[in-house]
Amino acid sequence: MDKTELLQKTAEKLSPFETANIVGFAQHLTVKSALSNPWIVCGFLILAFYAVIVRSKFVLAALFTTISLLLLIRYTMPAEGDSLNLSSTLPFAFGGLAIGAFLIYLFFIKTE
């Protein structure tokens, strides 16, 4: 195997990581597909492991906020074609308030 074959195989293997492919993936990403994508879930797990090992309150709070907002949007927003109504808006509003209250508690009230 010479260098040109090796470079061609490497280019073929890395082609899914080209900028155009990543931008296309991000444009077509939905909350449902983000929660079921193993790459994104693995990234969250690695980030959580890092945050626990380093004991970084900021990273844990950012991770908690991201995951809880994804779950909140996933389970409270109406399906396509449905309109917003009070039964779907109130859980979203109170869920957002609960997330904000927890973050305020974590950063300003709780001391170590």
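Residues numbered from 1 in each chain as written. Predicted model: local features only at pLDDT ≥ 70, side-chain atom pairs only at ≥ 80, totals over all residues. Heavy atoms only, no water.

Caption draft 1: Geometry of a nonpolar patch on the surface. On the surface, a nonpolar cluster with roughly 860 Å² of combined accessible area is contributed by Phe 58, Phe 64, Phe 102, Ile 104, Tyr 105, Phe 107, Phe 108 and Ile 109. Elements with a contribution of two residues or more to the nonpolar patch: α5 (57-76) and α6 (86-109). At six residues, the largest contribution of residues to the nonpolar patch is made by α6. Along the polypeptide, Tyr 105 turns up in helix α6. By relative accessible area, Tyr 105 is classed as partly exposed at 38%. (Patch = residues over 30% accessible without salt bridge, like charges linked within 9 Å, V, L, I, M, F, W, Y side chains within 5 Å. Areas by Shrake-Rupley, 256 points an atom, 1.4 Å probe, with all protein chains shown as cover. Salt bridge = Lys/Arg side-chain N within 4 Å of Asp/Glu carboxyl O. Helix = DSSP H or I, 4+ residues; strand = E, 2+ residues; numbered from the N terminus. Buried < 20%, exposed > 50% of the residue type's maximum accessible area, 1.4 Å probe, protein only.)

Caption draft 2: Region of the structure containing the packing of α5 against α6. Two elements in contact, α5 and α6, have axes separated by 10 Å at closest approach and are oriented at 175°. With respect to α6, the element α5 is oriented roughly antiparallel. In contact with Lys 57, Phe 58, Ala 61, Phe 64, Thr 65, Ser 68, Leu 69, Leu 72, Ile 73 and Thr 76 of α5, α6 contributes Ser 88, Pro 91, Phe 92, Gly 95, Gly 96, Ile 99, Phe 102, Leu 103, Leu 106 and Phe 107. Among the residues forming the contact of α5 with α6, the class breakdown is 13 nonpolar, six polar and one charged. (Axes fitted to C-alpha atoms, helices over the stretch in contact; angles between N-to-C directions. Parallel < 35°, antiparallel > 145°, perpendicular 65-115°, else oblique. Contact = heavy atoms within 4.5 Å. Nonpolar A, V, L, I, M, F, W, Y, C, P; charged D, E, K, R; others polar.)

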